[in-house]
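Report on the structure
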Amino acid sequence: MGLVRCLVLALASLVLAAPASAKNWTELRIGVSGNYPPFTFVDEHDRFQGFEIDLALALCQRMGVKCEFVKEEWEDMIPSLVAHSIDAIFASMSITEDRKKQIAFSNRYYTTPTSLVARKALNLRDTSPAGMKGRVIGVQRDTLQADYLKEVYVSAGAVARIYTTQAEAQFELARGQIDAIMVDKLSVYDWLAQTQGECCAYAGEDLTDAHYIGEGVGVGLRKEDGDLLQMINRAIDQIIADGTYKKINDKYFPFSVY
């Protein structure tokens, strides 16, 4: 009986130790912002468009899955992912150590520095933290730029003006209500080329400190979805290798954002 009992216990332990079968991913609900051109925006026909939309569709095609885009407010992205309301975040979310404590990230699919954009009339020559002392700088809340602004610039005497969306910050900058905004550099590329952005220009050097700015932008995923992570990373490699990524990149930018 002792031998039989040992065999039964051994088999039971093997069953318990066996990994759970991977989910058969056939559909994905992807959280997007919808108000962050040229990355994501809603056109006149109420359809999602933009660099990240095209990229996500290319990845879904490579993975052989049906993808549905779900508009989420920025502050709801991670909570919705964790709550299984969406399966992935495709919303220009930078890979940072703090966020990696909550969710997993794919390999980066683009990278960009943070920049200050200021009113041209100010003719700012020193945009260092000390040089911006007393200046009012706008930023979108709950972003790495907001953290950077508070920890580096506000601590040196700048004044932070926090907005729900980046579009609101840009509007206030164009009206002259604030001196500058701190943003993802690519996110204002189109705006600066448009009439409403003629007031303003990039100011100073790019801000690239990885401690604040992160390791690039990746797809946000639940930590337990390791199989989906592998699928997405493999698809990213494929569209880069076969030139699909470059075609999508060149549709929106005159330079590589990878």
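For the structure itself, look to the data block above.
Predicted, not measured: the structure shown is a model, and the values here were computed from it.

**Structural notes on the packing of helix α2 (residues 51–63) against helix α9 (residues 226–241)**
When two helices pack together, you describe them by how their axes are tilted relative to each other and by the distance separating the axes. Look at α2 against α9: their axes get within 9 Å of each other, and the N-to-C directions meet at 110°. What the angle tells us is that α2 and α9 run roughly perpendicular. Contact with α2, carried on its side by Leu55, Ala58, Leu59, Arg62 and Met63, involves Met231, Ile232, Ala235, Ile236, Gln238 and Ile239 of α9 and no other residues of that element. Tallied by class, the residues present in the contact of α2 with α9 amount to nine nonpolar, one polar and one charged.

**Focus on the packing of α2 against helix α10 (residues 244–252)**
Relative orientation of the contacting elements α2 and α10 amounts to 165°, with a least axis distance of 9 Å. Classified by the angle their axes make, α2 and α10 are roughly antiparallel. Here the hand of the crossing between α2 and α10 comes out right-handed. Residues Phe51, Asp54, Leu55, Ala58 and Arg62 of α2 pack against Thr244, Tyr245, Ile248, Asn249, Lys251 and Tyr252 of α10. Classifying every residue of the contact of α2 with α10 by side-chain character gives six nonpolar, two polar and three charged.

**A short note on the pattern of salt bridges**
Tallying each qualifying case throughout the model produces 16 salt bridges. Residue Lys101 is joined to Asp98 by a salt bridge in which the shortest nitrogen-to-oxygen separation is 3.6 Å. Classification of Lys101 as exposed rests on a relative accessible area of 63%. Among the charged side chains, a network of salt bridges with common partners joins Asp87, Arg222, Glu224 and Asp225.

**Quick notes on the pairing of strand β9 (residues 136–140)**
Taken across its five residues, β9 has five buried, putting it largely inside the fold. Looking at chain direction, β9 and strand β10 (residues 159–163) are connected through five bridges and run parallel. Residue pairing across strands places Val139 opposite Ile162, the latter belonging to β10. Note on the crossover from β9 through helix α5 (residues 144–153) to β10: the handedness is right-handed. Judged from the two bridges that link them, β9 and strand β11 (residues 180–184) form a sheet pairing that is parallel. Paired with Gly138 across the strands is Ile181, a residue of β11.

What counts and how
- Residues numbered from 1 in each chain as written.
- Predicted model: local features only at pLDDT ≥ 70, side-chain atom pairs only at ≥ 80, totals over all residues.
- Heavy atoms only, no water.
- Axes fitted to C-alpha atoms, helices over the stretch in contact; angles between N-to-C directions.
- Helix = DSSP H or I, 4+ residues; strand = E, 2+ residues; numbered from the N terminus.
- Parallel < 35°, antiparallel > 145°, perpendicular 65-115°, else oblique.
- Contact = heavy atoms within 4.5 Å.
- Nonpolar A, V, L, I, M, F, W, Y, C, P; charged D, E, K, R; others polar.
- Left-handed = near helix turned anticlockwise from the far one by under 90°.
- Salt bridge = Lys/Arg side-chain N within 4 Å of Asp/Glu carboxyl O.
- Buried < 20%, exposed > 50% of the residue type's maximum accessible area, 1.4 Å probe, protein only.
- Pairing = 2+ DSSP bridges.
- Right-handed = clockwise from strand over helix to strand, strands pointing away.

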